[in-house]
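A look at the structure
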Amino acid sequence: MYDLIDRPIATLPAFERGLLERMRRWVHALTLAGAAPAAATGDDAFDAAMRALDTGSVETLVFQRPCHAVVDETEAVVLGMWRLVRADRLAAASTAAAALVNPAAARTLVSAMVAEVARRAGS
C-alpha cells in the first residue's frame, strides 16, 4: 500500500489504474448528484463495494477528482485491499477493511471485492 501513496496514476498496473479511475468516477458522481450512481450492467459487485465504503465508513474517506494525477492516501489503502483480495489474502483484506468501515460493511466490502475480482478473472 505504501508504494502507492503519491504514485503517478500513469505508472499503476492496468488493473489498479482502472479500479482507481472507476472509484473516482463513482465518488465524483455521488458528490455531484448527492446520491450514489446506479450500477452499470456488470458492475454490481464493484457498486456494492463502493456502497459499503460510502455507507459504512467510520471516518471521512477522501477520493480525488478523476483528473488528479497521483494516488492519495485513502485511495492507496483501498487499492491495497484490492491487491490483497487478488492475492487471496482475505484475512488481511478484512483487517484493512475493518479500519475503514464498520463490521457489517467490512464483510460486504470484502465479499464484493472477491466477487469483482472473480468476475474480471472470468472475462
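Residues numbered from 1 in each chain as written. Predicted model: local features only at pLDDT ≥ 70, side-chain atom pairs only at ≥ 80, totals over all residues. Heavy atoms only, no water.

Concerning the overall build of the chain
Under the convention used in this document: The way it works is that DSSP assigns letters per residue, a run of H or I at least four long becomes a helix, a run of E at least two long becomes a strand, and they are numbered from the N terminus. Radius of gyration here is computed from C-alpha atoms only, and the compact-globule reference equals 2.2 Å multiplied by the residue count raised to the power 0.38. Each residue's exposure class comes from its accessible area (1.4 Å probe, protein chains only) as a fraction of the maximum for that residue type: buried when under 20%, exposed when over 50%, partly exposed otherwise. Contacts were defined at the residue level, with two residues in contact if any of their heavy atoms lie within 4.5 Å. Working definition of accessibility: Shrake-Rupley area with a 1.4 Å probe, residue cover restricted to the visible protein chains. Positive charges are assigned to Lys and Arg, negative charges to Asp and Glu, while His and the chain termini are left out of the count. Charged side chains are reduced to one point each, which is NZ for Lys, CZ for Arg, CG for Asp and CD for Glu.
A tally of regular secondary structure across the chain gives five helices and zero strands. Put simply, the chain runs from its N terminus to its C terminus through helices and strands in the order α-α-α-α-α. Relative to the compact-globule value of 14 Å for 123 residues, the chain shows a C-alpha radius of gyration of 13 Å, a close match. Dimensions of the chain, computed from C-alpha atoms along their principal axes, come out at roughly 35 × 30 × 30 Å. Residue burial in the chain is summarised as follows: out of 123 residues, 39% are buried. The contacts of the chain with a sequence gap of at least 6 include a subset with a gap of at least 24, amounting to 67%. Summing over all exposed atoms, the chain offers an accessible surface of approximately 6,400 Å²; the carbon and sulfur share of this is 56%. The average position of the 13 basic charges and that of the 14 acidic charges among the side chains of the chain differ by 4 Å.

Focus on the pattern of salt bridges
Just so we agree on the cut-off: By convention in these notes, a salt bridge is any Lys or Arg side-chain nitrogen within 4 Å of a carboxyl oxygen on Asp or Glu.
One pass over the structure, following the stated rule, counts nine salt bridges. Across the pair Arg22 and Glu116 runs a salt bridge, and its minimum N-O distance is 3.0 Å. You can see Arg22 sitting in helix 1 (residues 14-33) and its partner Glu116 sitting in helix 5 (residues 103-122), a full 94 residues away along the chain. On the basis of relative accessible area, Arg22 is assigned to the buried category, the value being 11%. Overall, Glu116 belongs to the buried group, its relative accessible area being 0%. For Arg120, the salt bridge goes to Glu116, with nearest N and O atoms at 3.2 Å. Residue Arg120 and its partner Glu116 are located together in helix 5, separated by four residues, close to a single helical turn. Using a relative accessible area of 28% as the deciding quantity, one classes Arg120 as partly exposed.

Points about helix 3 (residues 73-86)
Because an α-helix completes one turn every 3.6 residues, residues spaced three or four positions apart along the sequence face the same direction. To keep it simple, the criterion reads: Given a helix with a known number of residues, its expected span is that number minus one, times 1.5 Å.
Taking 1.5 Å per residue as the helical rise, helix 3 with its 14 residues ought to reach 20 Å, and the 20 Å between its terminal C-alpha atoms agrees with that figure. Within helix 3, 11 of the 14 residues are buried, leaving the element largely enclosed by the surrounding structure. Those residues of helix 3 lying buried are Thr74, Glu75, Ala76, Val77, Val78, Leu79, Gly80, Met81, Trp82, Leu84 and Val85. Against helix 1, helix 2 (44-56), helix 4 (90-100) and helix 5 lie the buried residues of helix 3.

Overview of the nonpolar core
Rules: Nonpolar core, defined: a set of buried Ala, Val, Leu, Ile, Met, Phe, Trp, Tyr and Cys residues in which side-chain atoms within 4.5 Å join the residues together.
Residues Met23, Leu53, Trp82 and Leu109 are the most contacted members of the largest nonpolar core, which totals 37 residues. Broken down by secondary-structure element, the contributors of at least two residues to this core are helix 1, helix 2, helix 3, helix 4 and helix 5. In terms of residues, this core owes the most to one element, helix 3, which gives eight residues. Each residue touching Leu109, except ones within four places of it in the same chain, is listed here: Ala49, Ala52, Leu53, Met81, Ala97 and Val101.

Observations regarding the packing of helix 4 against helix 5
Rules: Between N-to-C directions, angles cover 0 to 180 degrees, with each direction set by a line fitted to C-alpha atoms, over the stretch in contact for helices. Small angles under 35 degrees read as roughly parallel and large ones over 145 as roughly antiparallel, with 65 to 115 read as roughly perpendicular and the rest as oblique. By definition, any crossing whose near helix is turned counterclockwise from its far helix by less than a right angle is left-handed, and any crossing with a clockwise turn is right-handed. Polar here means any residue outside two lists: the nonpolar Ala, Val, Leu, Ile, Met, Phe, Trp, Tyr, Cys and Pro, and the charged Asp, Glu, Lys and Arg; Gly therefore counts as polar.
Put simply, helix 4 and helix 5 touch, their axes get as near as 9 Å, and they point 135° apart. Of the possible angle classes, the one that applies to helix 4 and helix 5 is oblique. Considering how the two elements wind past one another, helix 4 and helix 5 form a crossing that is right-handed. Where helix 4 abuts helix 5, its residues Leu90, Ala93, Ser94, Ala97 and Ala98 lie against Ala106, Leu109, Val110 and Val114. Taken together, the residues of the contact of helix 4 with helix 5 sort by class into eight nonpolar, one polar and no charged.

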